[in-house]
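This is what each chain is made of:
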Amino acid sequence: MRMSAIPFDTTDWSAVEPTRHAGEEGEALWRTRHVGPADNPIRVRMVEYSPGYVSDHWCEKGHVLLVLDGELETTLADGRVFTLTPGMSYQVADGAEPHRSRTAKGARLFIVD
């Protein structure tokens, strides 16, 4: 990720219209902004997973993810499982390790990718 041509700006996340994304079970609400130049956009999101959410795919996109509330379980394709609670984060590169998320209780996340 190259962070360039991004002027200082603030975001009131409550004013960003959410989009709904169905999971295999439950749903995710994404509040999304794209910043930076068109040839290198950075997606910044506040994401809320409903209780019982299970992702419907193995993700290969790189992310920096921070858990704000709730609990997130992330499974890697090699079978390792990580449980993240508020204040915990993970970092993974594009194409590095396919991962899949779920939450029994629900979770609120801040994600940059």
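Residues numbered from 1 in each chain as written. Predicted model: local features only at pLDDT ≥ 70, side-chain atom pairs only at ≥ 80, totals over all residues. Heavy atoms only, no water.

A. Molecular detail of the pattern of salt bridges. Tallied over the full model, the rule gives 10 salt bridges. Its salt-bridge partner being Arg33, residue Asp9 comes within 2.8 Å of it at the nearest N-O pair. Of this pair, Asp9 sits in the segment before β1 (19-22) while Arg33 sits in strand β2 (residues 27-35), and the two are 24 residues apart along the sequence. Looking at Asp9, the relative accessible area reads 47%, which means it is partly exposed. The residue Asp78 makes a salt bridge to Arg80 at a minimum N-O spacing of 2.9 Å. (Salt bridge = Lys/Arg side-chain N within 4 Å of Asp/Glu carboxyl O. Helix = DSSP H or I, 4+ residues; strand = E, 2+ residues; numbered from the N terminus. Buried < 20%, exposed > 50% of the residue type's maximum accessible area, 1.4 Å probe, protein only.)

B. Just the UniProt feature "domain: Cupin type-2" (unreviewed entry) in the chain, in detail. As annotated by UniProt and renumbered to match this structure, "domain: Cupin type-2" (unreviewed entry) occupies residues 47-105. Counted over residues 47-105, helix gives 0% and strand 53%. Its end C-alpha atoms are 14 Å apart. (UniProt positions renumbered as here; feature names shortened; annotations may be inferred.)

C. Up close: the packing of aromatic side chains. Taken as a whole and assessed by the stated rule, the structure comprises 2 aromatic pairs. Consider the rings of Trp13 and Phe110, whose centres lie 6.2 Å apart with planes at 80 degrees: the pair is edge-to-face. Linking Trp13 in the segment before β1 with Phe110 in strand β10 (residues 107-112), this pair joins segments that are 97 residues apart in sequence. The class for Trp13 is buried, based on a relative accessible area of 17%. In this structure Phe110 comes out as partly exposed when scored by relative accessible area, which is 27%. An angle of 5 degrees between the planes, with centres 4.1 Å apart, marks the rings of Tyr49 and Tyr53 as stacked. The burial state of Tyr49 is the same as that of Tyr53; both residues are buried. Here the basic side chain of Arg45 rests over the ring of Trp30, its NZ or CZ set 4.3 Å away from the ring centre. (Phe/Tyr/Trp six-rings, centres within 6.5 Å; stacked < 30°, edge-to-face > 60°. Lys NZ or Arg CZ within 6 Å of the ring centre and 35° of its normal.)

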